[in-house]
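# Fold and contact review
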Number of protein chains: 2
Amino acid sequence: MTAPHSVPAAPRWQRRKQRTRAAIEETSLRLFADKGFEETTVDDLATAAGIGRRTFFRYYPSKNDVVFGDYDSRTNVLRAALGAAGPEAHPVEMVRQALRATNAYGADEYVSLAIRIWLLTTVRSLQAHAAWRFSAWEDVIIEHVLARVGDRHRLYACGLAKTSIAAMWAAYTVWLDDGAGPNLTALIDEAFDRLRTGFAELPGEGQSRA
Amino acid sequence: MTAPHSVPAAPRWQRRKQRTRAAIEETSLRLFADKGFEETTVDDLATAAGIGRRTFFRYYPSKNDVVFGDYDSRTNVLRAALGAAGPEAHPVEMVRQALRATNAYGADEYVSLAIRIWLLTTVRSLQAHAAWRFSAWEDVIIEHVLARVGDRHRLYACGLAKTSIAAMWAAYTVWLDDGAGPNLTALIDEAFDRLRTGFAELPGEGQSRA
DNA sequence: GCCCATCTTGACACGCAGTGCCATCATGAG
DNA sequence: CTCATGATGGCACTGCGTGTCAAGATGGGC
C-alpha cells in the first residue's frame, strides 16, 4: 500500500477509477435529490456521469448501493472499533463506542450525509436495502459480543446487535427531522442512554432538546 | 360483516377469491421451499397455482409479499392490542404485550410460520422487504407511544419502536435456530426482558435454555 | 328461460434493473 | 513498436412489476 519510490504506474489506474467512482456518486446524489430516486433511471445516472450503463454496474452493484458510498470502509471502522474495546468494557458500552466511531463524520460530509440518510429513510427501496446492508454490521457486532458472553447466548448477542442498530437508526431519523445538524453523535449517545436504561425512565413533560 | 339471512350472493365472489389466494400462497411456499426463492419465477408460481401471471399480481403486489401472508390483519391485531393497553401500563410493557399478541399463532400454523421466517431471515430480497414491512408496525407503535409521552419525545418513541421490533426479530432468528418449537412467545418475552434491563445483566456461564 | 351490469381473468406490450458475453480501446511492460 | 492486461460499452437476455384491453364468468332484473 505504500511503496516508496517504485510503482509510479499502478496507482494511475486506481486514481482514475477512484475519480470515476466519485463522479458517479456525486452526480447520482444530485440527480436523486433533484428528480427523486425512483424517477431516475440507471441510464440517467450513467449518461450524467459520462459513462456507459454497463460500466455503471461495474462501479456499483446496484442503483441502491450508490447511496451507501464506501460502505465497506465504514464496516471496517466498526470492526476495528469493536476490536479495540478493552476487555473490561460492558458489551453495551463497547457497541455504543463502536457505533459512535463508525458514525463520526467530518463537518464537510454532513451535507451529503443528510441527503443519503434522507433517501435511506424516505425511499422504500432504499429503506429495505439498508436493512440487509446493516445486517452486515449486526453480524460483526454479534461476533464480538458472542466472543465475550459465550456462544450459548445467541439471544443476548443477537438482541443487543439488532437493538443497537435500531437505536442508531432511530437517531438517524430524529437527526434528520431536527435539521441534520452536527449533533448526530450526541443523538446516538442519547439513543443508547435510552437503551441502557431499558426505556424505563419516562420522558418528563419538560422541554426536550429539540 | 354478519348479515343474518340476506347476502347469499356477495360472499360467493369473496369465497372464490379467498380460495384462490390461499392456493397461491400454499403452492408458492412449497415451491420456495423446494427450489429456493430466487430460483422460482413468478411464472412458475402462477402456473403452479393454475392462474395467469397477471392475475398473480392482482392477489399479491409482489413475489416477496406472498411470504408475508395476510400481513394487514396482523397489523390490525397489533393496533388493537396497543389500543387495549391500560393507561397505567408502562410503554415498554404495552409494546411487549402487543407484540406478544401479534405473534401468537395456532399450533397448526407453526409449520408454515417456520418456512416463512426461514425465508425472511435467509433470502436477501426478503430480509430487505421485511424491513419496510415492519416499518409499518414501527409507525403504529410510535403513534401509540407518542400519545403517552408527548410529541416532543420522538427519540424515545422512535427508539422504543425500532428496538422493540428489533428484539422481536432477534427472537425470530433464535427461534428458528432452535428448531422452531412452540416457544416463540417465550423467546419474545425473553428478548424483551433483555431490553427492559438494558442488556445490563450479563449472561452467566450456566447453561442457556438452548 | 334471457339480457345486462359488474367484476374477474389472462394475454400482450412496455419500462426498468441487473447480468453474461464480446469486441474495442487505452494503458503499462518488454 | 509490440504485446499482455484490464477497462469500457454495446448488445442481448432474464425477470419483476404495470397499464391496457378484450374476453369470460357471475349475479340481478325481467
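## Remarks on the relation of the copies chain A and chain B
The two copies are related by a screw operation: chain A maps onto chain B through 180° of rotation and 0.0 Å of translation along the axis, at an RMSD of 0.0 Å. As the rotation angle and translation indicate, the two copies are arranged about a two-fold axis. When you check the interface residues of chain A against chain B, 100% turn up at the interface there too, and the contact is symmetric in its surfaces.

## Section: unusual backbone geometry
Residue and element names in this part refer to chain B. Phi is positive for A180, which is not a glycine, with a value near 60°. On the basis of neighbour counts, which here come to 17 C-beta atoms within 10 Å, the residue A180 falls in the partly exposed class. Here the phi dihedral of F199 falls at roughly 60°; this positive angle occurs in a residue that is not glycine. Note on placement: F199 falls in the segment after α10 (184-196).

## A look at the interface of chain A and chain B
The interface is formed by 42 residues belonging to chain A together with 42 residues belonging to chain B. For the side of chain A that touches chain B, the elements supplying multiple residues, two or more each, are α5 (91-102), α7 (124-149), α8 (154-177) and α9 (184-196) of chain A. In terms of residue count, α8 of chain A provides more of the side of chain A that touches chain B than any other element does, 16 residues in total. Split by residue class, the side of chain A that touches chain B holds 22 nonpolar, eleven polar and nine charged.

## Examining helix α9 (residues 154-177) of chain B
One turn of the α-helix equals 3.6 residues, which is why residues spaced by three or four share an orientation. All names here are of chain B. The end-to-end C-alpha distance of α9 is 34 Å, a good match for the 34 Å that 24 residues give at a rise of 1.5 Å each. Most of α9 sits out of view: 22 of its 24 residues are buried. Looking one or two residues past α9, G179 carries a phi angle of roughly 105°, positive in sign.

## What to know about the packing of α8 of chain A against α10 of chain B
The geometry of a pair of packed helices is captured by two quantities: the angle between their axes and the separation between those axes. Two elements in contact, α8 of chain A and α10 of chain B, have axes separated by 10 Å at closest approach and are oriented at 65°. In this structure, α8 of chain A meets α10 of chain B at a crossing whose hand is right-handed. The residues of α10 of chain B that touch α8 of chain A, namely those facing L155, Y156, G159 and T163 of chain A, are L187, E190, A191, R194 and L195 of chain B. For the contact of α8 of chain A with α10 of chain B, the residue count by class is five nonpolar, two polar and two charged.

## Here's the deal with the environment of R15 of chain B
Here R15 of chain B is to be found in helix α1 (residues 10-35). Separated by 156 residues in the primary sequence, R15 of chain B and A171 of chain B have C-alpha atoms spaced 35 Å apart.

## Re the packing of helix α5 (residues 71-84) of chain B against helix α8 (residues 124-149) of chain B
Residue and element names in this part refer to chain B. Between α5 and α8, whose axes approach to 10 Å, the crossing angle comes to 15°. Taken together, the axes of α5 and α8 are roughly parallel relative to one another. Crossing hand, α5 versus α8: right-handed. Residues Y71, T75, L78, R79 and L82 of α5 form the contact with α8, whose own contacting residues are R133, A136, W137, V140, I141 and H144. Of the residues belonging to the contact of α5 with α8, the class tally is seven nonpolar, two polar and two charged.

## Notes on helix α6 (residues 110-122) of chain A
Residues and elements named next belong to chain A. Along its 13 residues, α6 runs 18 Å from first to last C-alpha, staying within 8% of the 18 Å computed at 1.5 Å per residue. What α6 keeps buried is the set R116, I117, L119 and L120. Looking straight down α6, one finds that the buried residues subtend no more than 160° of arc, so they occupy a single side. Away from its buried face by more than 90 degrees, α6 exposes V111 and T122.

## Things to note about the nonpolar core
Formed by 106 residues in total, the largest nonpolar core has its most connected members in A171 and A191 of chain A together with A171 and A191 of chain B. Leaving out residues up to four positions away in the same chain, A191 of chain A has contacts with A167, M168, A170 and A171 of chain A together with L155 and G159 of chain B.

Criteria and cut-off values
- Counting starts from 1 at the beginning of each chain's written sequence and moves along it residue by residue.
- The lettering of chains begins at A and the numbering of ligands begins at 1, in the order of writing.
- Totals for whole chains, interfaces and linings use every residue, but because this is a predicted model, local features are given only for residues with pLDDT of at least 70 and side-chain atom pairs only at 80 or more, for both listing and counting.
- When the copies are overlaid, the least-squares fit takes in C-alpha atoms only where the residue has pLDDT of at least 70 in both copies.
- Whether two residues are in contact depends on their C-beta atoms, placed from the backbone: they are in contact if these lie within 7 Å.
- Partly exposed residues are those whose C-beta has more than 12 but fewer than 20 other C-beta atoms within 10 Å; with 20 or more the residue is buried, with 12 or fewer it is exposed, and the C-beta atoms are placed from the backbone.
- In DSSP terms, a helix is any run of H or I states spanning at least four residues, a strand is any run of E spanning at least two, and both are numbered starting from the N terminus.
- Under the convention adopted here, Pro, Cys and the residues Ala, Val, Leu, Ile, Met, Phe, Trp and Tyr are nonpolar, Asp, Glu, Lys and Arg are charged, and Gly plus all remaining residues are polar.
- A helix is expected to span 1.5 Å multiplied by its residue count minus one.
- Here the axes come from fitting lines to C-alpha atoms, over the contacting stretch only for helices, and the angles between their N-to-C directions go from 0 to 180 degrees.
- When the near helix sits turned anticlockwise from the far one by under a right angle, the crossing is termed left-handed; a clockwise turn instead gives a right-handed crossing.
- Throughout this description, any angle smaller than 35 degrees is read as roughly parallel, any larger than 145 degrees as roughly antiparallel, any in the 65 to 115 degree range as roughly perpendicular, and the remainder as oblique.
- Each direction from the helix axis to a C-beta atom contributes to the arc, which is the arc of those directions.
- The term nonpolar core refers to a set of buried Ala, Val, Leu, Ile, Met, Phe, Trp, Tyr and Cys residues connected through C-beta atoms within 7 Å.

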